[in-house]
Amino acid sequence: MAANIIDGKAFAATVREKVAGHVARLKADNDITPGLAVVLVGEDPASQVYVRSKGKQTVEVGMNSFEHKLDSGTSEADLLALIDTLNNDPAVHGILVQLPLPKHLNEDLVINSIAPSKDVDGFHISNVGLLGTGQKSMVPCTPLGCLMMLRDYHGSLSGMNAVVIGRSNIVGKPMAQLLLGDSCTVTIAHSRTKDLPEVVGRADIVIAAVGRPEMVPGEWIKEGATVIDVGINRIDAPEKGEGKTRLVGDVDFASAAGRAGAITPVPGGVGPMTIACLLANTVTAACRANGLEEPEGLTA
Ligand code: GUN
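Residues numbered from 1 in each chain as written. Predicted model: local features only at pLDDT ≥ 70, side-chain atom pairs only at ≥ 80, totals over all residues. Heavy atoms only, no water.

### Structural notes on the confidence of the model for the protein chain
- Here the protein chain averages 98 in pLDDT, and 100% of its residues register 70 or above.
- Least confident of the elements in the protein chain is strand 9 (residues 233–236), whose mean pLDDT is 96; most confident is strand 5 (residues 161–165), at 99. (pLDDT = per-residue confidence, 0-100. Helix = DSSP H or I, 4+ residues; strand = E, 2+ residues; numbered from the N terminus.)

### With respect to unusual backbone geometry
- Of note, the bond from leucine 99 into proline 100 is cis; its omega dihedral lies within 30 degrees of zero at 0°.
- As for its position among the elements, proline 100 is in the loop between strand 4 (94–97) and helix 4 (107–111).
- A cis geometry characterises the amide bond from valine 266 onward to proline 267, with omega recorded as 0°.
- Mapped onto the fold, proline 267 is located in the loop between strand 11 (262–263) and helix 10 (271–289).
- Even without glycine at this site, serine 183 takes up a positive phi of about 65°.
- Mapped onto the elements of the fold, serine 183 is located in the loop between helix 7 (172–181) and strand 6 (185–189).

### What to know about the sheet that holds strand 4
- As summarised here, the arrangement of the three strands in space is 3-2-4, forming an open sheet in which the pairing is parallel. Both edges of this open sheet fall to strand 3 (64–70) and strand 4, since each of them pairs with a single strand only. Here the strands of the sheet are splayed against their neighbours by 15° on average, with no regard to which way each runs.
- Across seven bridges, the pairing between strand 2 (residues 35–41) and strand 3 is parallel. (Pairing = 2+ DSSP bridges. Axes fitted to C-alpha atoms, helices over the stretch in contact; angles between N-to-C directions.)

### Thoughts on the sheet that holds strand 11
- Spatially, 1-11-8-7-5-6 is the arrangement adopted by the six strands of the open sheet, whose pairing is parallel. Of all the strands in the sheet, just strand 1 (4–5) and strand 6 have a single pairing partner and so form its edges.
- Summarising the sheet, strand 8 (residues 226–229) and strand 11 pair through two bridges and their orientation is parallel. Its bridge partner lying in strand 11, threonine 226 is registered against alanine 262.
- On top of the sheet, helix 6 (residues 141–154) reaches strand 1, strand 7 (205–208), strand 8 and strand 11; it is set at about 160° to strand 8, its chief contact.
- Relative to the sheet, helix 7 contacts strand 5, strand 6 and strand 7, its axis offset from that of strand 5 by approximately 170°. (Contact = heavy atoms within 4.5 Å.)

### Focus: the side chain of aspartate 119
- Along the chain, aspartate 119 turns up in the loop between helix 4 and helix 5 (125–132).
- The charged side chain of aspartate 119 is buried without a salt bridge, its nearest counter-charge being arginine 288 at 9.7 Å.
- Among the polar contacts made by the side chain of aspartate 119, one reaches the side chain of asparagine 127 at a distance of 2.8 Å.
- Apart from residues no more than four positions distant in its own chain, aspartate 119 is found in contact with Ile95, Ile114, His124, Asn127 and Met138. (Buried < 20%, exposed > 50% of the residue type's maximum accessible area, 1.4 Å probe, protein only. Lys, Arg positive; Asp, Glu negative; His and termini not counted. Salt bridge = Lys/Arg side-chain N within 4 Å of Asp/Glu carboxyl O. Polar contact = N/O pair within 3.5 Å; in protein donor to acceptor, adjacent residues only side chain to side chain.)

### Digging into helix 7
- Inspection of helix 7 places Gly172, Pro174, Met175, Ala176, Leu178 and Leu179 among the buried residues, and these make up the whole buried set.
- Of the surrounding secondary structure, the elements contacted by the buried residues of helix 7 are helix 5, helix 6, strand 5, strand 6 and strand 7.

### So, the side chain of asparagine 127
- Along the chain, asparagine 127 falls in helix 5.
- Reaching out from asparagine 127, the side chain makes a polar contact with the backbone oxygen of proline 116 at a distance of 3.1 Å.
- Those residues within four positions of asparagine 127 in sequence are excluded, and the remaining contacts are Pro116, Asp119, Gly122, Ser137 and Met138.

### Overview of the nonpolar core
- With 54 residues, the main nonpolar core has Val15, Val19, Leu157, Leu179, Ile205, Ile207 and Met273 as its most contacted residues.
- Those elements that place two or more of their residues in this core are helix 1 (8–30), strand 2, helix 6, strand 5, helix 7, strand 7 and helix 10.
- It is helix 10 that provides the largest number of residues to this core, a total of 10 residues.
- Not counting residues within four places of it along the chain, the set of residues in contact with valine 19 comprises Val61, Leu279, Ala280, Val283 and Leu298.
- Residues Val163, Ile165, Val206 and Ala208 belong to the second largest nonpolar core, which totals 21 residues. (Core = buried A, V, L, I, M, F, W, Y, C linked by side-chain atoms within 4.5 Å.)

### Some words on the site of the ligand
- The immediate surroundings of the ligand are formed by Leu96, Val97, Gln98, Leu99, Asp121 and Phe123.
- Within the backbone of valine 97, a nitrogen or oxygen atom sits 2.8 Å from a nitrogen atom of the ligand.
- Interatomic distance of 2.9 Å between a backbone N/O atom of leucine 99 and a nitrogen atom of the ligand.
- Calculation on the ligand without its partners gives an accessible area of 280 Å², and the protein chains cover 78% of this total.
- Tallied by class, the residues present in the shell around the ligand amount to four nonpolar, one polar and one charged. (Near = heavy atom within 4 Å. Areas by Shrake-Rupley, 256 points an atom, 1.4 Å probe, with all protein chains shown as cover. Nonpolar A, V, L, I, M, F, W, Y, C, P; charged D, E, K, R; others polar.)

Here's what the structure looks like:
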């Protein structure tokens, strides 16, 4: 049986449409334009692409985009001073500091200097604690996007066995918390997990977030399971010509699609949902900052 393809690109477009609708209402009814500040330190090419894309999509949904590009030698004191200014700027509802930061900057210190209410990445220790205790928080964008797609496909996730492969602070751990919040039975697997094929084989939902190209073969997947592939790995593609590359996930799509009930492709699955959820978090932050009702369906 061929799996249903969960189209993250199309789903992300519907999320952006919802966000744009809320932004238009906030402007018309409350004279509020949500604003997102993105801070990029240095010239990492991949980060520059992401930041450009974030700025473009922010403007497309009607929000204000504030880009702060600092050179790679920026001191920690100067970066913290900028964050302090943004924390106190009422036109800024969301702040994102693009990671990774240059080595001389302490990432934890920088992230924890962002006001938790403006931390649209959901990385601040307060938001991590709030999520872990089931309280209202800002939720990391990629796991939020995965949760939205799972809820849309399944309705209720209650009682399902979910296996999250990967224990990163950005994806694995918050993903596990969100699935637990939706009453899944959750296992977090990682590089030291014994008998990973057996663990994955018990899952109704598999979330692969390890960053290793095609490491999960289809034969591990239970028939009919839902597979969410968070990996975005660039590999050589000599079949396309010399020096050519292509993107693959952490799951071997061809074999997994033959066993799964539903699967996200790479590219076009989880990837587009991350920025869509960043926009959703920014509109949520703007509503909360002004004591207004939060948009439905855009938060966990
Ligand atoms: N770098 C790669 N992904 C992310 C993300 O989701 N947030 C931030 N701030 N930096 C990133």
